[in-house]
Amino acid sequence: MNKKGLAILMRTRMRPGEPSKLALSPLAANEMRAENKGNQSAGSSMGDGGGEGNRVLSPSSNNMRAFEQVRESMHSAISMNKTEVLDTVLSDFSEGYFSLSPENRRKLLLILAKEYDLNRVQVRQLINQYLSLELPKGDGAQGDTVEEEGLLSTFYRIERNLRHSLQPLYEVLFERLNTHPGGLKFLSILRADILCILAEDNIASLRALDSYLKEKLSTWLSPATLELHQITWDDSASLLEKIVAYEAVHPISNLIDLKRRLGVGRRCFGYIHPAIPGEPLIFIEVALLKNVAQTIQEVLWDNPPTPEHEATCALFYSISSTQPGLAGINLGKFLIKRVVTLLKKDMPQISTFATLSPIPGFMQWLLSKLASQSKLAELEASSHPSADRSTSSFWENILKQEEESALLSLSEEFAAMNNGMEVMLHILTSKNHDWKNSPELLAVLKPPLMRLCARYLLQEKKRGKALDSVANFHLQNGAMVQRINWMADRSEKGLQQSGGIMVNYVYRLGNIEEYAQSYFSTGHIHASPDLLHQLENVDVQGNGDE
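Residues numbered from 1 in each chain as written. Predicted model: local features only at pLDDT ≥ 70, side-chain atom pairs only at ≥ 80, totals over all residues. Heavy atoms only, no water.

Draft legend 1. Structural context of empty space enclosed by the protein. Under the criterion given, the structure shown has 1 cavity of 30 Å³ or more. Here the largest cavity is characterised by a volume of approximately 40 Å³. Along the walls of the largest cavity sit Val249, His250, Pro358, Asp489, Ser491, Lys493, Gly494 and Gln497, which together make up its complete lining. Its residues assigned to classes, the lining of the largest cavity comprises 2 nonpolar, 4 polar and 2 charged. (1 Å grid on protein atoms, 1.4 Å probe; cavity = no way out; pocket = protein on both sides within 12 Å on 5 of 7 lines; lining within 4 Å. Points joined across faces, edges and corners; volume = space filled by probe spheres on them. Nonpolar A, V, L, I, M, F, W, Y, C, P; charged D, E, K, R; others polar.)

So this is what it looks like as structure tokens:
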């Protein structure tokens, strides 16, 4: 093993099932550090003979003093006008912030959100002044007389003051940190902490702070500021370490796996910002193939890979973000477009750009559906044995008659159950997904699972958009749903998320903008005819895309 391989191995300590420290949220990581520090302090205090002359401050006193120091440095970073010492103050604030406990971080962020918000009394006064002005005569755009010219200048003055007063004070902190070395990275960590807090407690002032910071980050991380970098085995060990740590879709199992993903017939591209060198904000993995792959096994383990000059398909099989604090900022959209353009230029024979994507929400949706409908059927059967359940407004048998019969006839144990949905729920929730190893069960499960997966992708919506998060991502970027693939990911994660089913999205270069616009405006999902045919009573717009 060369020095680089050894460095990567030692840094990442690749152990199956062990979560990477890099993947921890900032608050969680800080909590672990605080616990370790607390344990060390406890151990040392037990070993000391603490006499009366050795006065030791309690941990709470130390924490409070540290918090006040960070709070003071934050205030100075916002209010200070002396530029010659501003960098020192910003460094003190960012370093001090990392030393705080999770509770004190939360406390400080709430202070920032509430005490450094905009001045609403001033905003109201300016609005009242503005409303009290009489509009100039004519078109209101130009003053024909000295009097009207003076009136317009008053409008301009109040509008300028109003714009200024609508900017919260914490904008100053964000702007100054953005130009400070390491500041952009710090801001992304700051937002990750904000999102952690909001996930547990929906605080209006903190949500406003998050919205403002997200808007700023979106501006600072525009595609024009990002460098598209092809990641190869020749990159630094520290960068490759991050690829291993942040791979979110298909974990990298060892160095051979990593080298294969960066070798012949494969590409890996990342967006890097000059202010965060050596660390991709987001990266995408690509396989160069003859045809659109139907299973992840053939992508990860094909040996030998397709010769690159024979490849006609670029398959995107993983896209991962490295910064939790950039959640909701769609860097992936621009990354995919840049990569498509680059590959088309370098490899003109590539004519198909597709994905092999997970369906992370399918099993959760399906099991919830099966459980609720089975429970409803059981309750109605016990209270109204002779009633026709089909007349209930809540009852929906999501199985076809032939699917239900096949499930009930699998064994005597299943025949005693109330309905096919109960049988299906029982099988899919079995320990260790035993059903995946039974040819008989697979044959019976495949028709309903494939049909219901098509329904989930094309019909199940949230606020008019696809319920599945990965589907929504690709559809809003201009892709179409081409095909769903049976037993495409037999890993524990794949079975847990989607029953092993994966989906191919296709990016048609001539239709990307059209598809994205129709999905954005009406929620219309473009899908292949074959996929639409798997549905019963399809309720999507259009007749399918050839």
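Draft legend 2. Up close: the nonpolar core. With 115 residues, the main nonpolar core has Phe174, Leu206, Phe362, Leu366, Met424, Leu457 and Val481 as its most contacted residues. Counting residues per element, this core draws most heavily on helix 19 (residues 439-458), at 12 residues. Residues Leu289, Ile296, Ala354 and Val506 belong to the second largest nonpolar core, which totals 16 residues. (Core = buried A, V, L, I, M, F, W, Y, C linked by side-chain atoms within 4.5 Å. Buried < 20%, exposed > 50% of the residue type's maximum accessible area, 1.4 Å probe, protein only. Helix = DSSP H or I, 4+ residues; strand = E, 2+ residues; numbered from the N terminus.)

Draft legend 3. Expanded view of a nonpolar patch on the surface. Taken together, Ile127, Tyr130 and Leu131 make up a surface patch of nonpolar side chains, about 280 Å² in accessible area. As for its placement among the helices and strands, Ile127 is situated in helix 6 (residues 120-132). (Patch = residues over 30% accessible without salt bridge, like charges linked within 9 Å, V, L, I, M, F, W, Y side chains within 5 Å. Areas by Shrake-Rupley, 256 points an atom, 1.4 Å probe, with all protein chains shown as cover. Salt bridge = Lys/Arg side-chain N within 4 Å of Asp/Glu carboxyl O.)

Draft legend 4. Representation of the environment of Lys344. Tracing the sequence through the fold places Lys344 in helix 14 (residues 331-346). It is 9.4 Å that separates the C-alpha atoms of Lys344 and Ala314, two residues lying 30 residues apart in sequence. Each residue touching Lys344, except ones within four places of it in the same chain, is listed here: Ile350, Ser351, Phe353 and Leu509. Within the structure, the side chain of Lys344 is placed 2.7 Å from the backbone oxygen of Ile350, a separation counted as a polar contact. (Contact = heavy atoms within 4.5 Å. Polar contact = N/O pair within 3.5 Å; in protein donor to acceptor, adjacent residues only side chain to side chain.)

Draft legend 5. Representation of the pattern of salt bridges. Throughout the structure, instances matching the rule amount to 16 salt bridges. One salt bridge in this structure joins Glu115 and Arg71, with 3.2 Å as the shortest N-O distance. With Glu115 in helix 5 (residues 102-115) and Arg71 in helix 3 (residues 59-79), the pair connects residues that are 44 residues apart, well separated along the chain. Judged by its relative accessible area of 48%, Glu115 falls in the partly exposed class. Where Glu513 meets Lys337, a salt bridge forms, and the shortest distance between an N and an O atom there is 2.9 Å. With Glu513 in helix 22 (residues 512-522) and Lys337 in helix 14, this pair connects stretches of sequence that are 176 residues apart.

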